[in-house]
Amino acid sequence: MTNPIARAAQWDAQDPLAAFRDRFLLPLTQQGEPAIYLCGNSLGPMPKAAQDEVAEVLASWSTRGVRGHHEGEHPWLVYHERFAPSLGRLVGASAQEVVAMNTLTVNLHLLLASFYRPTDSRFRILMEAGAFPSDRQALASQIEWHGYSPADALIEVAPTGPKGAWKTDDFIVAMETAGDTLAVVLLPGVQYRNGQVLDIAALTAAAHRVGATIGFDLAHAVGNIPLQLHAHDVDFAMWCHYKYVSGGPGAVGGAFVHERHGTRTDLPRLAGWWGHERSSRFQMGPNFQPTPGADGWQLSNPPILSLAPLAASLAIFDEAGMDRIREKSHALDRFARELIALRCGERIDILTPIDAGSRGCQLSLRVVAGREHGRRVFERLEAMGVIGDWREPDVIRLAPMPLYTRFIDVERATQCLAQALESP
Ligand SMILES: *Cc1c(COP(=O)(O)O)cnc(C)c1O
């Protein structure tokens, strides 16, 4: 059977994850139809149950007031703890190693406060060239804040692989070249621009061989690919929940600290009462004693209303399981690539690496005719109800997220892409 529509219909009928689509509210097109929402890499759609989770918090606040800290089904005093088991499953960690707190860039700074302790001999930080701006800005500001200069201290590894992909070996050679001047490595689990999955295990081992600490920014990896942070021996990680995880706009982010660092007493940190030893927190003593694990990096009592929607989406991830999500992601990706090649031919260049191990749930497309045409294609897609996003200078990103994308959506989106390319 070669007819793409018939194949899509058959795969959708057999899809074990098909029912999850109905657990989300997809944004509507101008015609009032659910859009083909390929933008979960930027802001995931709303799980229907998010409404109930937020309503529960509001109801508790309205009826209990301050007693809501201790009473109700999910007392606010320990509210953040309800997420840890699910987050552990998402990133491959124990519940003690993860915490939902703050937002990504804030968590990056808090973790660097502990893990970036430069000395005159070991002060360098290594990252990928062309990283997400916030990450580079955070790292450069940390370097300056410690009295060093990004010109000396920040190493940015350029992509030298096909279509601008990064090579694991380039990172490893750069780490070895920096040797014992290298303090910290910060790399993405999945690179935001080209959707490339990095080899977390190999990169972590290489960083450790030169005595450096390694952290991963998982903004585009969490909820996208299965992760094994504990087993891969990663030192720390941070991520946001509003992309693939559908935790809501500006959702509270996440952080991971490996078990072996979680009870260290020699690690300095920026402290606040919510990171204090839980059993004695409310004795209100003046001195800080960190609670063990990632929880000990918290500062403040968390924004409960911003945490609430996360309960709805994490329940969905727990039911679906990352392995099944990843399997369907591969199938959607193969189908999309086949149809793009068939329908768009040489007019579209796919920047995301093609091999299954190196690509996440994202297709970064460049319109070969140039940026202006690309921009118009992107806008036409949107007008046709296919929602992706645009990354300067010239990339259209489409993310067929398996929890709410059907094979027929991929079929339709690639039709629209071909049609959008027709006019100049
Ligand atoms: C989305 C994203 C961020 C966003 O940072 P916030 O602090 O959540 O605003 C940071 N880094 C990367 C790599 C991202 O993809």
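Higher on the page you've got the structure.
Residues numbered from 1 in each chain as written. Predicted model: local features only at pLDDT ≥ 70, side-chain atom pairs only at ≥ 80, totals over all residues. Heavy atoms only, no water.

Asker: What exactly am I supposed to notice about the overall build of the protein chain here?
Answerer: Check the secondary structure of the protein chain and you find 13 helices and 15 strands. Across its three principal directions, the C-alpha atoms of the protein chain cover 70 × 60 × 35 Å. Sorting the 424 residues of the protein chain into buried and exposed places 57% on the buried side. Long-range contacts, defined here as pairs at least 24 residues apart, represent 70% of the contacts in the protein chain between residues at least 6 apart. Accessible surface for the protein chain amounts to roughly 17500 Å². Of this, 55% is attributable to carbon and sulfur atoms. Here the protein chain carries 39 positive and 47 negative side-chain charges, and the mean point of each set is 3 Å from the other. (Helix = DSSP H or I, 4+ residues; strand = E, 2+ residues; numbered from the N terminus. Buried < 20%, exposed > 50% of the residue type's maximum accessible area, 1.4 Å probe, protein only. Contact = heavy atoms within 4.5 Å. Areas by Shrake-Rupley, 256 points an atom, 1.4 Å probe, with all protein chains shown as cover. Lys, Arg positive; Asp, Glu negative; His and termini not counted. Charge placed at Lys NZ, Arg CZ, Asp CG, Glu CD.)

Asker: How should I be thinking about the environment of Thr119 in this particular structure?
Answerer: Inspection of the secondary structure assignment puts Thr119 in the loop between α4 (104-115) and β5 (124-128). Along the sequence, Thr119 and Thr181 sit 62 residues apart, while their C-alpha atoms lie 8.9 Å from each other.

Asker: Help me understand the nonpolar core in this model?
Answerer: Residues Val91, Leu126, Leu218 and Leu403 are the most contacted members of the largest nonpolar core, which totals 71 residues. The greatest single-element share of this core, amounting to 9 residues, is contributed by helix α10 (residues 304-320). Each of two domains, domain 1 (4-34 + 321-422) and domain 2 (54-318), supplies a minimum of three residues to this core. With sequence-adjacent residues up to four places away left out, Leu403 is seen in contact with Phe20, Arg21, Phe24, Ile316, Phe317, Ala320 and Ile325. Counting 31 residues, the second-largest nonpolar core is a separate cluster that includes Leu104, Leu139, Tyr148 and Ala255. (Core = buried A, V, L, I, M, F, W, Y, C linked by side-chain atoms within 4.5 Å. Domains from an automatic or database assignment.)

None of the figures reported here should be taken as evidence of function without further support.
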